[in-house]
Amino acid sequence: MTAEVEETIKRIQSQKGVQGIIIVNAEGIPIKSTLDNSSTVQYAGNVHQLLMKARGMVRDIDPQNDLTFLRVRSKKNEIMIAPGVKTI
Amino acid sequence: MTAITLYIFSLKMQAPNVNSHQKAAVAKGVKDEEEGLDTAEGEEWMQGKTLVKPPDQLDLTEAELNEEITRVLKASNPNAPQNVVRYSFKEGCYKPIVFVDQMAIHFELEGNLVHKESDEGRRLMAKQAEVDDGGGVERPDNVAIKAAKREQKLTNQFNFNERASQTLNNTPRDISCQTEPPPRANFSATANQWEIYDFYVEELQRREKSKEKHEGQFLNKEEDKSKKKMIQNDDISQLAKVVKIIERMVNQNIFDDVAQDFMYFEDASDEFRGEKGTLLPLWTFQYDKAKSLSVTALCWNHKYNDLFAVGLGSHEFTQQGGGMLLFYTLKNPSYPEFIFNTASGVMCLDIHEHLSYLVAVGLYDGCVAVYNLKKKTDQPIYNSRASSGKHTSAVMQVKWQKDDLDSNHNFISVSADGRLVSWTLVKHELVFTEIIKLPVIDTIPDDLKDVIPTVGTSLDFHKQKDYSFLVGTEHGKIHKGSKYYSSKFLEKYDAHFMNVTRVKWNPFHPDVFISCGWDWMVKIWDQTMKSPVFTFELKTSVTDVAWAPYSSTVFAAVTTDGKVHVFDLNINKYEALCQQKVVSKKTKLFNIEFNPVHPIIIVGDDRGHVTSLKLSPNLRKKPKVGDALILCIVIEHLNILTLDENVLEPH
């Protein structure tokens, strides 16, 4: 399982146009990153808050619904955020 | 000590109106008694005075003044209360007390006289004696007195005795013990509607799990193992799903224009092109490990319309290596979703119509295998390696059938050894049933008939009457058979000079089928007629042909020169609407499949690449009248015109 995930991450990283990947755990602390430390921390902190808000909004409107992914497009680039699934 | 009190009976004055004369006389009398010691001069002074009337005295008449008034001396206390009431608990009410104490105390004095004979008197007398004999003259008396005194216990009037002793006080000591503080953790949470919902869902799941546990106790061990796995699992492996989503998002971005074309692009120039249409190339699917292999089979998944299966192997007899089974989705063109390695080249595959996770694969070495996509393993769940009924030569086509009477899944395969075999998935193995053997052609001498088989190359089952099937052979013949007749075929069509590469029933018309072969021909047949209804000659060997799912008159064919030909019989009965080269030079196309829902086709070539193409609107014209009817009309029309005009009978 882990090997598959690692491989997929490598593939994504090797795609044209992908600047970096950051994996963040449930508390918002980055576990893995292909960017430098300061950027990672910056991205992780900001993204986590936005994700919580977005998810809260979706679920508030319909509790059976859940956020699949979130794209933030800006002038210079695009940030793609996909929240993980909670396990018991 | 006895108290002496004086009791004085007091005079009570009864009449308020008193004669002033009498009063004066009384006053005088009293005064006389009290001041008895006064001199006579006082008396004289009193007598010399005349009667003085106080100003506020009542004026009474003579008669009233002379009235006799009796005064009584009583022994009752004028100050004693007359109407004392006491609460009687017996009767529960207040009751007046009749007998009231009439005693009035006027004077009280506590005396200090002690009786001689009493204890205290004697004590005092003894003390007095001691004091008097202070000189110490009569010492023996003194001693006697002292002894007497000592004999008498000095007690107070209550005979009270007190004894006390002091015990040793232990020194107080402080003992304290400090415990470790209980572990504390800060806890904060939010209570939202969706958190409550999540909790309820988890609770339900837990209950279901516990129910299952009760039902199947042997599952306990597995559950424990899985629990352990969950604890030991790294954070990363839980991301499998999420990472997949991200990969698809990235791909969507990269191939954004292609995706837009796929959804929305309609070639406007089709209006100006008359009947002709074009094919717009969309995504290309390739896998670098499959570079040396060529595509041998393609199949769309019916349930998930963006998923398709690619079988990779080799058509060449001489170049045989391993094979692969790949699944791609249109959502991720850069990497296959599922990858299976097979020992020998895949020659054909079929996805079950209803259970879209079951895939039957036929291999070059004659084995058939069934893969279950739901399982994570790389190995097929069923493999015909060990079983004895395996084909001795390459399996050319497999097709799933409806579940049999025991609701076991089964499929039928045709192979190069000339046999049609039905395989049933029973529990953990494949059970084979021979259905029919392809008839040997006449040119082979009788004694070799059993040895040299007729290579079956293609197989198709009728959509509605699924007992009826068609088999194409290497010699160019097409045999129509039925599952119920295992001894011989119902019909034989002399279709092509060379290898029949594909036969397919028309999805709408019950009698029409199409065939193509290496002899450059594509022929459309009516099963009731011995000769084809339509014949088309394409410039090179035709490797595959497919009917369109949206129209009964549209079909497409691929040839070895890399071209895709699309025909619509409703529009043009003689030539293709589109003949387009879709791959680079010297690449042969081997397979073509229409997507059941979207207006795209996929073609497989010998480099292992799969190219997807979008059909332009001209190629997608849906007939207004009922589907099968159109084809009937077309055929009828043709029959009326000529019978032999467009028929080339191969003999």
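Only a predicted model underlies this, so the values are computations on that prediction, with no experimental measurement involved.

Caption draft 1: Examining the sheet that holds strand S13 (residues 382-383) of chain B more closely. Spatial ordering of the open sheet is given by S10-S11-S12-S13 (chain B), a layout of four strands whose pairing is antiparallel. Each having just a single partner strand, strand S10 (346-351) and S13 of chain B make up the two edges of the open sheet.

Caption draft 2: Structural detail: the interface of chain B and chain A. Counting residues at the interface gives 26 residues for chain B and 35 residues for chain A. Interface of chain B and chain A: buried area, both sides summed, is about 2,900 Å²; carbon and sulfur atoms make up 68% of it. Put simply, chain B and chain A have two salt bridges between them. The partner of Arg11 of chain A in a salt bridge is Glu247 of chain B, with the nearest N and O atoms 2.6 Å apart. Counting across the interface, chain B meets chain A through ten residue pairs in polar contact (both at pLDDT 80 or more).

Caption draft 3: How the structure looks around the pattern of salt bridges. All names here are of chain B. Here the structure, examined in full by the defined rule, presents 22 salt bridges over all chains. Glu266 serves as the salt-bridge partner of Arg620, at 2.9 Å between the closest nitrogen and oxygen. Of this pair, Arg620 sits in the loop between strand S32 (610-615) and helix H10 (627-641) while Glu266 is found in the loop between helix H9 (256-264) and strand S5 (279-285), placing the two residues 354 residues apart along the sequence. Of the charged contacts, one joins Glu575 and Lys276 as a salt bridge, the two residues approaching to 3.7 Å between their closest N and O atoms. Of the two residues, Glu575 is situated in the loop between strand S28 (563-568) and strand S29 (578-581) and Lys276 in the loop between H9 and S5; the sequence distance between them amounts to 299 residues. We classify Glu575 as partly exposed; its relative accessible area is 43%. With relative accessibility at 34%, the residue Lys276 sits in the partly exposed group. Counted as one network, the salt bridges with shared partners bring together Glu202, Glu203, Arg206 and Arg207.

Caption draft 4: Here's a closer look at the packing of helix H1 (residues 2-14) of chain A against helix H8 (residues 240-254) of chain B. Two elements in contact, H1 of chain A and H8 of chain B, have axes whose closest approach is 10 Å; the angle formed by their N-to-C orientations is 20 degrees. The angle between the axes of H1 of chain A and H8 of chain B places the two elements in the roughly parallel class. Of the two possible hands of crossing, H1 of chain A and H8 of chain B adopt the one that is left-handed. Touching Val5, Thr8, Ile9, Arg11 and Ile12 of chain A of H1 of chain A are Ala240, Val243, Ile246, Glu247 and Val250 of chain B, all from H8 of chain B. Taken together, the residues that form the contact of H1 of chain A with H8 of chain B break down as seven nonpolar, one polar and two charged.

Caption draft 5: Representation of the UniProt feature "repeat: WD" (unreviewed entry) in chain B. Sites flagged by UniProt as "repeat: WD" (unreviewed entry) map to residues 493-526 of chain B. A distance of 11 Å separates the end C-alpha atoms of residues 493-526 of chain B, which is 0% helix and 59% strand.

Caption draft 6: Expanded view of the environment of Gln102 of chain B. Residue and element names in this part refer to chain B. For Gln102, the position within the fold is in the loop between strand S3 (93-96) and strand S4 (107-109). Its relative accessible area of 34% is what places Gln102 among the partly exposed residues. As a C-alpha pair, Gln102 and Ala75 span 27 residues in sequence and 8.2 Å in three-dimensional space. Aside from chain neighbours lying at most four places away, what touches Gln102 is Ser76, Asn77 and Ala80.

How each quantity is defined
Residues numbered from 1 in each chain as written. Chains lettered and ligands numbered in written order. Predicted model: local features only at pLDDT ≥ 70, side-chain atom pairs only at ≥ 80, totals over all residues. Heavy atoms only, no water. Pairing = 2+ DSSP bridges. Helix = DSSP H or I, 4+ residues; strand = E, 2+ residues; numbered from the N terminus. Contact = heavy atoms within 4.5 Å. Buried area = accessible area lost by both parts, 1.4 Å probe. Salt bridge = Lys/Arg side-chain N within 4 Å of Asp/Glu carboxyl O. Polar contact = N/O pair within 3.5 Å; in protein donor to acceptor, adjacent residues only side chain to side chain. Buried < 20%, exposed > 50% of the residue type's maximum accessible area, 1.4 Å probe, protein only. Axes fitted to C-alpha atoms, helices over the stretch in contact; angles between N-to-C directions. Parallel < 35°, antiparallel > 145°, perpendicular 65-115°, else oblique. Left-handed = near helix turned anticlockwise from the far one by under 90°. Nonpolar A, V, L, I, M, F, W, Y, C, P; charged D, E, K, R; others polar. UniProt positions renumbered as here; feature names shortened; annotations may be inferred.

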